[in-house]
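Residues per chain are reported as follows:
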Amino acid sequence: MEQGWMWELSPVHFLRLRRHTQDDDTLSPALRLDTFKMAMHTPDSAMADGPVVELLLRRLEASDGGLDSAELAAELGMEHQAVVGAVKSLQALGEVIEAELRSTKRWELTAEGEEIAREGSHEARVFRSIPPEGLAQSELMRLPSGKVGFSKAMSNKWIRVDKSAADGPRVFRVVDSMEDEVQRRLQLVQGGQAEKLGEKERSELRKRKLLAEVTLKTYWVSKGSAFSTSISKQETELSPEMISSGSWRDRPFKPYNFLAHGVLPDSGHLHPLLKVRSQFRQIFLEMGFTEMPTDNFIESSFWNFDALFQPQQHPARDQHDTFFLRDPAEALQLPMDYVQRVKRTHSQGGYGSQGYKYTWKLDEARKNLLRTHTTSASARALYRLAQKKPFTPVKYFSIDRVFRNETLDATHLAEFHQIEGVVADHGLTLGHLMGVLREFFTKLGITQLRFKPAYNPYTEPSMEVFSYHQGLKKWVEVGNSGVFRPEMLLPMGLPENVSVIAWGLSLERPTMIKYGINNIRDLVGHKVNLQMVYDSPLCRLDAELRPPPTQEAA
């Protein structure tokens, strides 16, 4: 009967049968027949299910010790992953089989390596393409293997260049013949004889990206304590019929896998910047700060520069550092009484300052731009505060986008986010600023701080904040800070005994450190990989949990 069936095979079925049984003398006639039936009635995509499991159990029963999953896949002419799927299916049934995961390393040719093993190395092809009368170098370089092959052939001293030729540099052979060692070595690897190559030879082939070391993971499968070739299907659901009939008592049930991951629901995902931003915002709120409105990306030069006591000839106001707007080019509404006080402070001095002694121009102050820092929002907030009588101490913060005409590189973009904190109260000093900074950075998990004197146009004194980076083993800058100058605060109308301390840092730098991103263009911009946004974990800044102060300490 089986012989009659064999005569009815189509050419496709015959080739499939050969693929599963050829050159395998270890198969008994019964196993050959089982393999034949599976090949005829089972598509390749389905062979990773029941039929492969059944065949694996039959082969395991006939073996003395065990089976290697990769060798079995090669013998059966199927993908190794199909056999791995059968192994994992049997593992889920309990002690039917024992499977030991093994890792072996082997050398494989890359796609380019396979091409060279077949057609010869680049340098050999260049050598063969040069006729006895020579070849123009420009023409040789246009060959598919020209650039790489020319360099290697010159290193091997197979060819030479005659730069005195009448029609330009010409390439000639130096030797009559050569041996293509690169092709020979790659063919050895291709034939499974990689061990015949020395470490230096393999290293050279790897540098040329012709050879790669790959790790092959296979399973060594052996019989388990409950081994059997007949596997009954385990139930996965308890039905009302099973309960009413009592048949559930005699049926095997698949055990629960409490370690299995649930299916993630389809949903949106927050960008890493937003995750870190929410953490910073929470820290400010815990410290009693109020968020400032920062919804105006377009700002006048007055609020961005002049109100901060930054002179109109300052380099930061140059077009090389700032994006100015063409339309609308000027701001129409400014608080003119305040503008006059700012003008007088710049040009004549006042409030204990001699000013900058230059001709202050209203037209320059009206120029619109993309704000270069969120301190312009702080200036607006402090001006509104000064109009409220009596004065009330406040703590403000903001986290928003700013724009600068920067040269783009791995750490700089033309737009980024700035984090800013501002505290206004009576009699604040540099000591208060240091204390607030230590509290703020401690909540970020940064406890080792140093302060370095610095210069800012609108703060005096000013300090750069440094933290010791455990990974880099050095001190790195993490922020800037200072006390706002009286020339900035008093024209607003704030009382003379009120001081304002402030500090700022970028949002991108801690985000890049937190998520291990080296290039800012991988974090922000059109080159961002959306899979990175999907895979990025929740942000938990490493804050230290300190015990509450005792009564004596308080």
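Residues numbered from 1 in each chain as written. Predicted model: local features only at pLDDT ≥ 70, side-chain atom pairs only at ≥ 80, totals over all residues. Heavy atoms only, no water.

Per an unreviewed UniProt entry, the protein goes by Phenylalanine--tRNA ligase alpha subunit and derives from Colobus angolensis palliatus. What UniProt records for the protein under Subunit (unreviewed entry) is the sentence "Heterotetramer; dimer of two heterodimers formed by FARSA and FARSB." UniProt annotates the protein under Catalytic activity (unreviewed entry) with the comment "tRNA(Phe) + L-phenylalanine + ATP = L-phenylalanyl-tRNA(Phe) + AMP + diphosphate + H(+)". (UniProt positions renumbered as here; feature names shortened; annotations may be inferred.)

## Brief notes about unusual backbone geometry
Going from Asp327 to Pro328, the amide bond is cis rather than trans, its omega being -5 degrees. With respect to the secondary-structure elements, Pro328 resides in the loop between helix H15 (301-304) and helix H16 (336-347). Its identity is not glycine, yet Tyr351 carries a phi of approximately 60 degrees, on the positive side. A positive phi angle, near 60 degrees, is found at Lys357, a position not held by glycine. Residue placement: Lys357 occurs in the loop between H16 and helix H17 (362-366). (Helix = DSSP H or I, 4+ residues; strand = E, 2+ residues; numbered from the N terminus.)

## A short note on the pairing of strand S12 (residues 449-456)
In the sheet, S12 pairs with strand S13 (residues 459-469) via seven bridges, with the strands oriented antiparallel. Within the sheet, the bridge partner assigned to Arg450 lies in S13 and is Phe466. The turn joining S12 and S13, which pair antiparallel and follow one another in sequence, is formed by two residues. (Pairing = 2+ DSSP bridges.)

## So, the packing of aromatic side chains
The final tally for this structure, using the stated rule, is 19 aromatic pairs. Arranged with centres 5.2 Å apart and planes meeting at 80 degrees, the rings of Phe440 and Phe441 form a pair that is edge-to-face. There is no split in this pair, since Phe440 and Phe441 are both buried. Through pairs of rings, three or more aromatic residues link up here, namely Phe280, Phe284, Phe289, Phe397, Phe440, Phe441 and Trp503. For the cation-ring pair, Arg173 lies above Phe127, with the distance from its terminal atom to the ring centre recorded as 4.3 Å. (Phe/Tyr/Trp six-rings, centres within 6.5 Å; stacked < 30°, edge-to-face > 60°. Buried < 20%, exposed > 50% of the residue type's maximum accessible area, 1.4 Å probe, protein only. Lys NZ or Arg CZ within 6 Å of the ring centre and 35° of its normal.)

## Quick word on the side chain of Ser467
Within the element layout of this structure, Ser467 appears in strand S13. Polar side-chain contacts of Ser467 include one of 3.4 Å to the backbone oxygen of Gln448. Ignoring sequence-local partners within four residues, the contact set of Ser467 consists of Ile446, Gln448, Leu449, Lys474, Trp475, Val476 and Val478. (Polar contact = N/O pair within 3.5 Å; in protein donor to acceptor, adjacent residues only side chain to side chain. Contact = heavy atoms within 4.5 Å.)

## Some points on helix H10 (residues 146-155)
Residues of H10 that are buried: Gly146, Gly149, Phe150 and Ala153. For H10, the arc enclosing every buried residue in end-on projection is 105 degrees, short of the 170-degree limit, so these residues lie on one face. Facing away from the buried surface of H10 by more than 90 degrees, the exposed residues are Lys147 and Ser155. Elements in contact with the buried residues of H10: helix H8 (122-129), helix H9 (137-141), strand S4 (159-162) and strand S5 (170-173). Two residues or fewer after H10 comes Lys157, characterised by a positive phi angle close to 60 degrees. (Arc of directions from axis to C-beta.)

## Here we look at the sheet that holds strand S1 (residues 67-68)
The strand order across the open sheet built from three strands is S1-S6-S2, with neighbouring strands paired in antiparallel fashion. This sheet does not close on itself; its edge strands, each paired only once, are S1 and strand S2 (97-109). Summarising the sheet, S1 and strand S6 (residues 211-223) pair through two bridges and their orientation is antiparallel. From the neighbouring strand, Asp68 faces S6, where its bridge partner is Trp220.

## Observations regarding the pairing of strand S11 (residues 415-426)
Extensive coverage of S11 is indicated by the burial of nine of its twelve residues. Pairing between strand S10 (residues 394-403) and S11: ten bridges, direction antiparallel. The residue of S11 that forms the bridge with Lys395 is Val423. Note that S11 and strand S15 (residues 498-506) share nine bridges and pair antiparallel. For Ile419, the partnering residue across the bridge sits in S15 and is Leu505.

## Considering the environment of Ala73
Topologically, Ala73 is positioned in helix H5 (residues 69-76). Note on Ala73: relative accessible area 3%, which makes it buried. Non-local contacts of Ala73, meaning those with residues more than four positions away in its chain, are made with Met78, Glu79, His80 and Val83.

## Side note on the environment of Phe403
Turning to its location among the elements, Phe403 is positioned in strand S10. The sequence separation of Phe403 and Phe416 amounts to 13 residues, and the corresponding C-alpha distance is 6.6 Å. Apart from residues no more than four positions distant in its own chain, Phe403 is found in contact with Phe297, Phe323, Leu370, Arg371, Thr372, Ala414 and Glu415.

## Considerations on a nonpolar patch on the surface
A contiguous nonpolar patch, built from Leu238, Ile243, Trp248 and Phe253 and spanning about 380 Å² of accessible area, is present on the exposed surface. Take Ile243: it is sitting in helix H13 (residues 240-245). When its relative accessible area of 51% is taken as the criterion, Ile243 is described as exposed. (Patch = residues over 30% accessible without salt bridge, like charges linked within 9 Å, V, L, I, M, F, W, Y side chains within 5 Å. Areas by Shrake-Rupley, 256 points an atom, 1.4 Å probe, with all protein chains shown as cover. Salt bridge = Lys/Arg side-chain N within 4 Å of Asp/Glu carboxyl O.)

## A few points about the packing of helix H7 (residues 111-119) against H8
Their axes nearest at 9 Å, the elements H7 and H8 cross at an angle of 40 degrees. If you check the angle between H7 and H8, you find them oblique. For the crossing formed where H7 meets H8, the hand is left-handed. Contact with H7, carried on its side by Glu112, Glu115, Ile116 and Glu119, involves His122, Arg125 and Arg128 of H8 and no other residues of that element. Residues belonging to the contact of H7 with H8 are distributed by class as follows: one nonpolar, one polar and five charged. (Axes fitted to C-alpha atoms, helices over the stretch in contact; angles between N-to-C directions. Parallel < 35°, antiparallel > 145°, perpendicular 65-115°, else oblique. Left-handed = near helix turned anticlockwise from the far one by under 90°. Nonpolar A, V, L, I, M, F, W, Y, C, P; charged D, E, K, R; others polar.)

## Re a negative patch on the surface
Together, Asp318, Asp321, Glu406 and Asp409 make up a region of like negative charge exposed at the surface. Inspection of the secondary structure assignment puts Asp321 in the loop between H15 and H16. (Lys, Arg positive; Asp, Glu negative; His and termini not counted. Charge placed at Lys NZ, Arg CZ, Asp CG, Glu CD.)

## Some points on empty space enclosed by the protein
For the structure on display, the rule yields one cavity of 30 Å³ or more. Here the largest cavity is characterised by a volume of approximately 40 Å³. Surrounding the largest cavity, Asp306, Ala307, Phe309, Tyr338, Val342, Thr345, His346, Glu487, Met488 and Pro491 form its lining. Elements supplying a minimum of two residues to the lining of the largest cavity: H16 and helix H20 (486-489). Tallying contributions element by element places H16 first for the lining of the largest cavity, with four residues. Of the residues that constitute the lining of the largest cavity, the class distribution is six nonpolar, two polar and two charged. (1 Å grid on protein atoms, 1.4 Å probe; cavity = no way out; pocket = protein on both sides within 12 Å on 5 of 7 lines; lining within 4 Å. Points joined across faces, edges and corners; volume = space filled by probe spheres on them.)

## Here's the deal with the nonpolar core
If you look at the biggest cluster of nonpolar residues, it comprises 33 residues, and the most contacted ones within it are Phe280, Leu437, Phe440, Phe441 and Trp503. Among the elements that take part in this core, helix H14 (residues 272-286) stands out by supplying five residues, more than any other. Ranked by size, the runner-up nonpolar core spans 32 residues in total, among them Val339, Ala381, Val394 and Leu489. (Core = buried A, V, L, I, M, F, W, Y, C linked by side-chain atoms within 4.5 Å.)

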